[in-house]
Amino acid sequence: MNIVNKNFVSIDEIRSKLNGTTGQVAEKTSSDSGKSFDRVLLDKADQIKFSRHAAKRLETRNISISEEQKARLEDAAEQAMEKGMTESLVMVDDLAFILNVRNKTIVTAVNDTANAVFTNIDGAIIN
């Protein structure tokens with residue numbers, strides 16, 4: 001089939017054209033949560049991410065993070081952003097994380113903070 005008009009808004013419009021159906025194309029939502037794709041994408045973009053280095057540190061140091069601790073990390077990231085921090089030390093229970101605030105990315109994680117030295121940070125949040 002040769003489609004001459006290439007001014008489609010979505011893949012659903014293309015499918016509709018190819019299938020020969022007419023009418024408005026309904027907005028698709030995720031069947032699991034009922035959220036639209038753009039809402040899911042924005043929600044994911046807002047979540048804390050772990051760099052490869054941080055993920056490796058979590059694994060080698062046998063650090064596991066609960067959902068409650070992850071929520072506290074999210075809260076600390078929001079606080080750091082509000083205060084204008086760029087690289088922040090975030091303490092959650094006995095765990096220390098270095099957070100790149102702009103990217104909302106944990107760049108390293110430490111579970112033994114007894115004699116730890118943290119450099120190149122511009123703020124700390126004890127949560």
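Refer to the structure printed above.
All values derive from a computational prediction rather than experimental measurement.

*Asks:* Give a detailed account of the side chain of Asn100, specifying residues and quantitative values.
*Replies:* Its place among the elements puts Asn100 in strand S3 (residues 95-100). Of the residues examined, Asn100 reaches a relative accessible area of 14% and is grouped as buried. Of the polar contacts made by the side chain of Asn100, one reaches the side chain of Glu87; its length is 2.8 Å.

*Asks:* Before we move on, could you go through the nonpolar core and cite the residues and values that matter?
*Replies:* Ile48, Leu73, Val90, Phe97, Leu99 and Ile106 are the most contacted members of the largest nonpolar core, which has 18 residues in total. Secondary structure elements with two or more residues in this core: helix H3 (52-60), helix H4 (67-82), strand S2 (87-92), S3 and strand S4 (105-110). Sort the elements by how many residues they give to this core and H4 lands first, with four residues. In contact with Ile106, other than residues within four places in its own chain, are Ile48, Lys49, Phe50, Ser51, Ala54, Leu73, Phe97, Ile98 and Leu99. Judged by nonpolar contacts, the second largest core, of five residues, contains Leu89, Met91, Ile98 and Val110.

*Asks:* Explain the pairing of S3 residue by residue, including any values.
*Replies:* Among the six residues in S3, six count as buried, and that is most of the element. With six bridges connecting them, S2 and S3 associate as antiparallel partners. The residue bridging Met91 from the neighbouring strand is Ala96, located in S3. Here S2 folds back onto S3 in antiparallel fashion, the turn holding two residues, of which Asp93 has a positive phi close to 55°.

About the criteria used
Residues numbered from 1 in each chain as written. Predicted model: local features only at pLDDT ≥ 70, side-chain atom pairs only at ≥ 80, totals over all residues. Heavy atoms only, no water. Helix = DSSP H or I, 4+ residues; strand = E, 2+ residues; numbered from the N terminus. Buried < 20%, exposed > 50% of the residue type's maximum accessible area, 1.4 Å probe, protein only. Polar contact = N/O pair within 3.5 Å; in protein donor to acceptor, adjacent residues only side chain to side chain. Core = buried A, V, L, I, M, F, W, Y, C linked by side-chain atoms within 4.5 Å. Contact = heavy atoms within 4.5 Å. Pairing = 2+ DSSP bridges.

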